[in-house]
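Descriptive structure summary
Spelled out from the first residue to the last, the chains are:
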Amino acid sequence: MFTPTTMPQTAEIATAELQQIAAQVRRDIVRMVHAVNSGHPGGSLGCTDLLVALYFKVMKHNPSFSMDGVGEDLFFLSNGHISATIYSVLARSGYFPVSELATFRKLNSRLQGHPTTHEGLPGIRIASGSLGQGLSVACGAAQAKKLNGDDRRVFVLMGDGELEEGQNWEAIMYAAHHKIDNLIAVVDHNGQQIDGATADIGGLGDLRAKFEAFGWHVLQANGNDFATLLPALDEAQAATGQGRPVVFIMDTRMGYGVDFMMEGHKWHGVAPNDAQLATALGQLVVGTVADY
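Residues numbered from 1 in each chain as written. Predicted model: local features only at pLDDT ≥ 70, side-chain atom pairs only at ≥ 80, totals over all residues. Heavy atoms only, no water.

**Observations concerning unusual backbone geometry**
Even without being glycine, Phe65 reaches a positive phi, approximately 65 degrees. Within the secondary structure layout, Phe65 lies in the loop between α3 (48-58) and β1 (74-77). The phi dihedral of Arg105 is positive, around 60 degrees, even though this residue is not glycine. Relative to the helices and strands, Arg105 is located in the loop between α4 (83-92) and α5 (134-147). Judged by its relative accessible area of 27%, Arg105 is partly exposed. (Helix = DSSP H or I, 4+ residues; strand = E, 2+ residues; numbered from the N terminus. Buried < 20%, exposed > 50% of the residue type's maximum accessible area, 1.4 Å probe, protein only.)

**A closer look at the sheet that holds strand β6 (residues 217-222)**
In space, the 5 strands of this open sheet follow the order β1-β2-β3-β7-β6, with parallel pairing throughout. Of all the strands in the sheet, just β1 and β6 have a single pairing partner and so form its edges. Recorded for the sheet is a direction-independent mean angle of 20 degrees between the axes of neighbouring strands. Relative to strand β7 (residues 246-251), strand β3 (residues 183-189) is paired through 6 bridges, and the arrangement is parallel. If you follow His189 over to β7, its bridge partner there is Asp251. This element, α5, spans β1, β2 (154-159) and β3 of the sheet and lies at about 175 degrees to β2. (Pairing = 2+ DSSP bridges. Axes fitted to C-alpha atoms, helices over the stretch in contact; angles between N-to-C directions. Contact = heavy atoms within 4.5 Å.)

**Thoughts on the environment of Leu131**
Structurally, Leu131 can be placed in the loop between α4 and α5. Separated by 79 residues in sequence, Leu131 and Val52 have C-alpha atoms that sit 22 Å apart. Non-local contacts of Leu131, meaning those with residues more than four positions away in its chain, are made with Ser78, Asn79, Gly80, His81, Glu162 and Glu165.

**Structural notes on the pattern of salt bridges**
As enumerated under the stated definition, the model contains 9 salt bridges in all. Between Asp150 and Lys145 there is a salt bridge, with the nearest N and O atoms lying 2.8 Å from each other. The residues Asp150 and Lys145 share a single accessibility class, namely buried. Where Glu212 meets Arg208, a salt bridge forms, and the shortest distance between an N and an O atom there is 3.6 Å. You can see Glu212 and its partner Arg208 sitting in helix α8 (residues 207-213), 4 residues apart, about one turn around the helix. A relative accessible area of 42% places Glu212 in the partly exposed class. Linked through salt bridges whose partners overlap, the residues forming this network are Arg27, Arg31 and Asp291. (Salt bridge = Lys/Arg side-chain N within 4 Å of Asp/Glu carboxyl O.)

**Regarding the nonpolar core**
Of all hydrophobic cores here, the largest spans 61 residues; its most connected members are Tyr55, Phe75, Tyr87 and Leu157. In contact with Tyr87, not counting residues within four places along its chain, are Met32, Phe96, Leu101, Phe104, Arg110, Leu111, Gln112, His114, Pro115, Leu121 and Ile124. Of all hydrophobic cores here, the second largest spans 28 residues; its members include Leu74, Ala171, Ala176 and Leu183. (Core = buried A, V, L, I, M, F, W, Y, C linked by side-chain atoms within 4.5 Å.)

On their own, these measurements won't tell you what the molecule is for.
Here you go:
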């Protein structure tokens, strides 16, 4: 049974429980952004299912938290503006008190608008306010694990708009050339960025073909349905250790779970007002609500 305050990670957790946790995390996101009239609810809501799956089922990790992460799977958030998601998931999985979510984006809070390491928040491994850098860091961490004989994996989440940053393509080339095969990159493929559709702003084209041309193992699936997300993550893990880095192109909808936030790019960086918050919370129902 889902205990909504905190729940330990277990590979045996049922999909129904993951769905309940995801609904609670989405409630946290809209409440956090509403409270300070600031933040990025669209991408945060869209990536919720992935982070819930990773932290509550897939990754081997320790909420006691060591920056070295020896013997653990590591996660790096590159698109740091979706900080509300990682903060909620870390709190709900026991890294710090859920009550601290109420300090989101406030002065002197450890929960800054973009995650930072100097705040000392457990679970945060890099500062990710500037886009395009997470994959490079993940490459280094994955190589360090291989050099140290550590057989765990490194995960990194990036936005599709973020792929317009040239540093990503240098890292994509580097990872394939050096056969960093303990690395799983996830692209939040929602087709939106702050100024509009990615197709209109940067024209990413056929991402699958591009990653394949660079020498990556590529898979693609719906990231807002655990019935497709979990098998994709299983496939991604099974593909590691075979001489190629792995990328999961994760098809999502910005604002997923809140109907009026799921069209276009409007909700990339807009906070809901009081009435919109009430509507959103009415759509995000869990068996037992444990709002902070």
